[in-house]
Amino acid sequence: MKTSDPDALVGDPPTQEETAHLAARFGRLLLANGADASYAGASVRALAEGLGHEVSQLYTAEGVLVSAQSGAQAHVRLSHSIAGTRVDMGRLIALRGLVAPVPSDPARLDPAMDAIENGAEGHSPVLIAFGLAVTAGALARLFAGSWSTVLVAGLVGAASAMVRRQLAQRHVGAIPAAFLLACITGLIAVILARFVPGSSSALCLTVAGMLLVPGVPLINGVSELVVGHTGIGLSRVASGTIALLAIGCGVLLVSSLGGTPLRPDQAPGVLPIGQDLFYSAVAAAGYAMLFEVPFRAVPICVLCGMAGHGLRTELIINGMPLAVCSLAGAILAGLVARAGAAFHGVPAVTFAFPGVVAMMPGSYGFRAAAGGLQVMDAAAATPPALLALTLSLAITTVAVTLSIGIGLLIATTTPLIPLRFHKDDAHGR
């Protein structure tokens, strides 16, 4: 069937079974590459409507269940299980391109998804290692670390990227990989810090752990719980929390073996706002490399990082609670991401995640774990101040994580102001 309408389907229209298969596979690929259930649901709905069917969807930790409907008939399809998730914004953008504009030839969708799923990675391993190196150095500087500490943290970041790649090639599970990464990179941090005068081994060890914090799954899980995707939301929060515990165990093990105690009362410093903006931008750019963000989208990631972290720091300097500051920073970063998404025609998460992941309270979680160990050792003789500090750090870790997830959700889903950009607007029409 041929037609002059460029948006009409070419060839025979797909059956309900074909639509259910394509929709379920499409949703699985979106989830596997870092999308949350709300974004995946909207994209799957757009794909199915383009194929001429309505769909009902259910997102679980085991896979995506899709029912394609046409009149009184329906066909149900469960996708393959989601073996593991990563954050690959290049693949998300490519997947989004399959439904914008409306697909004209459904026979090409399966091969197109094959190419996206099995295609080569976007950025080279060397570039990703460099990105993690500059990110680690920027994080150390955001904590007011010395330049010697920044140097060691940068080397640890590059090593983290290489070890991460080796574990992925050997198909090590997510939780064992998190523990092994924390142990290996933590040991590298402690050893290097002893050979570089003036560096802080405790801060280098903290940065090594922060590079591994599963910020995206935790943020996605919070967002999914808020909007009602309870099953997959709980699964993401649970898996992210277990991974965080594995990382914490690795960091604390290295801390004990290496003679580098993490003190609960050792709070990170705060830089002047100008320096904070610069190093936030550097950290966001480095995370963009790790998340496979295309080069054309990196500047918006940088703006998100500067806006979100900069606002949070300014509010902290003015004495506001950290959770409130994080909420405000996430909302501003989300608004910048939403505007960039409308302008570039790509998902908002492409910009939002690299921009806010540096705000994740990894150092608070590690300090809370260190305090917990001290409480275990002291038992009934635990000083009240230590118990109160440990509890405060644990509450702060949870509250800040929730604040970031809710802030992004508010900014990217609430119709506060018209943010859609049309090409005709650039010409004044």
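Residues numbered from 1 in each chain as written. Predicted model: local features only at pLDDT ≥ 70, side-chain atom pairs only at ≥ 80, totals over all residues. Heavy atoms only, no water.

**Description of the overall build of the protein chain**
- Looking only at helices and strands, the protein chain features 16 helices and three strands.
- The C-alpha atoms of the protein chain give a radius of gyration of 23 Å, which matches the 22 Å a tight globule of 429 residues would have.
- For the protein chain, the C-alpha atoms occupy an extent of roughly 75 × 50 × 40 Å along the three principal directions.
- Partitioning the intrachain contacts of the protein chain with sequence separation of at least 6 by distance along the chain shows that 74% fall at a separation of at least 24. (Helix = DSSP H or I, 4+ residues; strand = E, 2+ residues; numbered from the N terminus. Rg over C-alpha atoms; globule rule 2.2 N^0.38 Å. Contact = heavy atoms within 4.5 Å.)

**Digging into the pattern of salt bridges**
- Under the counting rule described, the total for this entry stands at seven salt bridges.
- Between Glu 117 and Arg 28 there is a salt bridge, with its nearest N and O atoms 3.2 Å apart. A residue pair is termed long-range when its members are at least 10 positions apart, and Glu 117 in helix H4 (residues 109-118) and Arg 28 in helix H1 (residues 16-32) qualify at 89 residues.
- Overall, the relative accessible area of 28% leaves Glu 117 in the partly exposed class.
- The partner of Asp 265 in a salt bridge is Arg 263, and the shortest N-O contact between them spans 3.2 Å.
- Judged by relative accessible area, Arg 263 falls into the partly exposed class, the value being 43%.
- Residues joined in a network through salt bridges with shared partners are Arg 25, Arg 28, Asp 110, Asp 114 and Glu 117. (Salt bridge = Lys/Arg side-chain N within 4 Å of Asp/Glu carboxyl O. Buried < 20%, exposed > 50% of the residue type's maximum accessible area, 1.4 Å probe, protein only.)

**Regarding the confidence of the model for the protein chain**
- Confidence in the prediction for the protein chain averages 84 pLDDT; 90% of positions are at 70 or higher.
- In this model residues 1-8 is a low-confidence stretch, pLDDT under 50, and it forms eight contacts with partners more than four residues away in sequence or in other chains.
- The model gives residues 416-429 a pLDDT under 50, and that stretch makes twelve contacts with residues more than four places away or in other chains. (pLDDT = per-residue confidence, 0-100.)

**Points about the side chain of Ser 223**
- Structurally, Ser 223 is set in helix H9 (residues 215-227).
- A residue is classified by how much of its surface remains accessible, and Ser 223, at 7% relative accessible area, is buried.
- Excluding its chain neighbours within four sequence positions, the residues that come into contact with Ser 223 are Asp 36, Gly 405 and Leu 409.

**Topic: the packing of helix H15 (residues 362-378) against helix H16 (residues 384-413)**
- With their axes 8 Å apart at the nearest point, H15 and H16 run at an angle of 150° to one another. In terms of axis orientation, H15 runs roughly antiparallel to H16. In terms of crossing hand, the pair formed by H15 and H16 is left-handed. Between H15 and H16, the contacting residues are Tyr 364, Gly 365, Arg 367, Ala 368, Gly 371, Gly 372, Gln 374 and Val 375 on the first element and Leu 386, Leu 387, Thr 390, Leu 393, Ala 394, Thr 396 and Thr 397 on the second.
- Here the residues of the contact of H15 with H16 are counted per class, giving seven nonpolar, seven polar and one charged. (Axes fitted to C-alpha atoms, helices over the stretch in contact; angles between N-to-C directions. Parallel < 35°, antiparallel > 145°, perpendicular 65-115°, else oblique. Left-handed = near helix turned anticlockwise from the far one by under 90°. Nonpolar A, V, L, I, M, F, W, Y, C, P; charged D, E, K, R; others polar.)

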